[in-house]
Amino acid sequence: MHTKGTPGEEKTIQLELKLLADAGLVGFPNAGKSTLISRISAAKPKIADYPFTTLVPNLGLVRYAEYQSFVVADMPGLLKGAHQGKGLGIQFLRHIERTRVLVFLIESTSKHPKDQFEVLLEELRSFRPELAKKPQIVAITKMDLADDELRRQLKKVSFRRGVPVIPISSATGEGLKELVDAMWKKLHPRKSKA
Ligand SMILES: Nc1nc2c(ncn2[C@@H]2O[C@H](COP(=O)(O)OP(=O)(O)OP(=O)(O)O)[C@@H](O)[C@H]2O)c(=O)[nH]1
Ligand SMILES: [Mg+2]
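Thresholds applied
- Residues numbered from 1 in each chain as written.
- Chains lettered and ligands numbered in written order.
- Predicted model: local features only at pLDDT ≥ 70, side-chain atom pairs only at ≥ 80, totals over all residues.
- Heavy atoms only, no water.
- Pairing = 2+ DSSP bridges.
- Helix = DSSP H or I, 4+ residues; strand = E, 2+ residues; numbered from the N terminus.
- Axes fitted to C-alpha atoms, helices over the stretch in contact; angles between N-to-C directions.
- Donors = N, O, S within 2.8 Å, 3.2 Å for Na, K, Ca; no water.
- Buried < 20%, exposed > 50% of the residue type's maximum accessible area, 1.4 Å probe, protein only.
- Phe/Tyr/Trp six-rings, centres within 6.5 Å; stacked < 30°, edge-to-face > 60°.
- Lys NZ or Arg CZ within 6 Å of the ring centre and 35° of its normal.

Undergrad: Would you mind going over the sheet that holds strand 3 (residues 68-74) with me for this structure?
TA: The pairing of strands in a sheet happens through backbone hydrogen bonds and is either parallel or antiparallel. Within the open sheet, the 6 strands sit side by side as 2-3-1-4-5-6. Their pairing is mixed. Each having just a single partner strand, strand 2 (58-64) and strand 6 (165-167) make up the two edges of the open sheet. Between one strand axis and the next, the sheet turns by 25° as a mean value, whatever way the strands run. Two elements, strand 2 and strand 3, share 7 bridges in a ladder whose sense is antiparallel. Each residue of the ladder has a partner; that of Asn58, found in strand 3, is Asp74.

Listed below in structure tokens is the structure:
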């Protein structure tokens, strides 16, 4: 006795690997993303003073308080026109589709910090409109390079209502605790209000 077999099936399946991170670091090349993740987590990414040092996202586990933690993704740099393929393009942005909070890194010495923020946001929006709706934080980086006058000017810049703006320096440690606190609060809005 036997049952007659049926023809087999053949399928090609494409699997897409997406990183799972709680917060994603978004910024122009050289903004200080990798240096920041190396300061707030145990991640050891490549850091250099030329653009596009980071070619693939890196993950870092940030320890918070005594028993808590969250995962941050250090992303490759983003340029105006990335959604049209400029620079490294925005393929890697799919990795931040599942992050819950976006941290925009803007250099303290950049001429037009607000414009930079808007350009970055627009690139995310062009890739996928929902990305631009995620909770956001702005980190003004390399504050060790800013003199008192620049600090005063930066304080006056308003980015967007409800978006915390935190001056930081990975070189001196300024603002790093505040930034980690702000990330935690955005990730746990209810808990942190209690
Ligand atoms: N003075 C100063 N320099 C910094 C600070 N953070 C980063 N840098 C320098 O800025 C340069 C770029 O730093 P990275 O961390 O590689 O920048 P990135 O945003 O990861 O750059 P890409 O991966 O190319 O997009 C390096 O020379 C760093 O040493 C800072 O807080 N202060
Ligand atoms: Mg980098």
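There's plenty left to go through after this.
Undergrad: For this particular structure, what's the right way to read the coordination of the magnesium ion (ligand 2)?
TA: Six octahedral donors around a metal ideally make angles of 90 or 180 degrees; four tetrahedral donors ideally make 109.5 degrees. With distances of 1.9 to 2.1 Å, the protein atoms coordinating the magnesium ion (ligand 2) are Ser34 (OG) and Thr54 (OG1). A residue pair is termed long-range when its members are at least 10 positions apart, and Ser34 in helix 1 (residues 33-40) and Thr54 in the loop between helix 1 and strand 2 qualify at 20 residues. For the pair formed by Ser34 and Thr54, the shared burial category is buried.

Undergrad: Can you help me understand the packing of aromatic side chains in this one?
TA: Aromatic ring pairs are defined here through the distance separating the ring centres and the angle between the ring planes. Tallied over the full model, the rule gives 4 aromatic pairs. Arranged with centres 5.0 Å apart and planes meeting at 75°, the rings of Phe104 and Phe117 form a pair that is edge-to-face. One end of the pair, Phe104, is in strand 4 (residues 101-107); the other, Phe117, is in helix 2 (residues 113-127), and 13 residues separate them in sequence. Phe117 matches Phe104 in its accessibility class, with the two residues each being buried. The ring of Phe127 carries Arg128 above its face, with NZ or CZ at 4.8 Å from the centroid.

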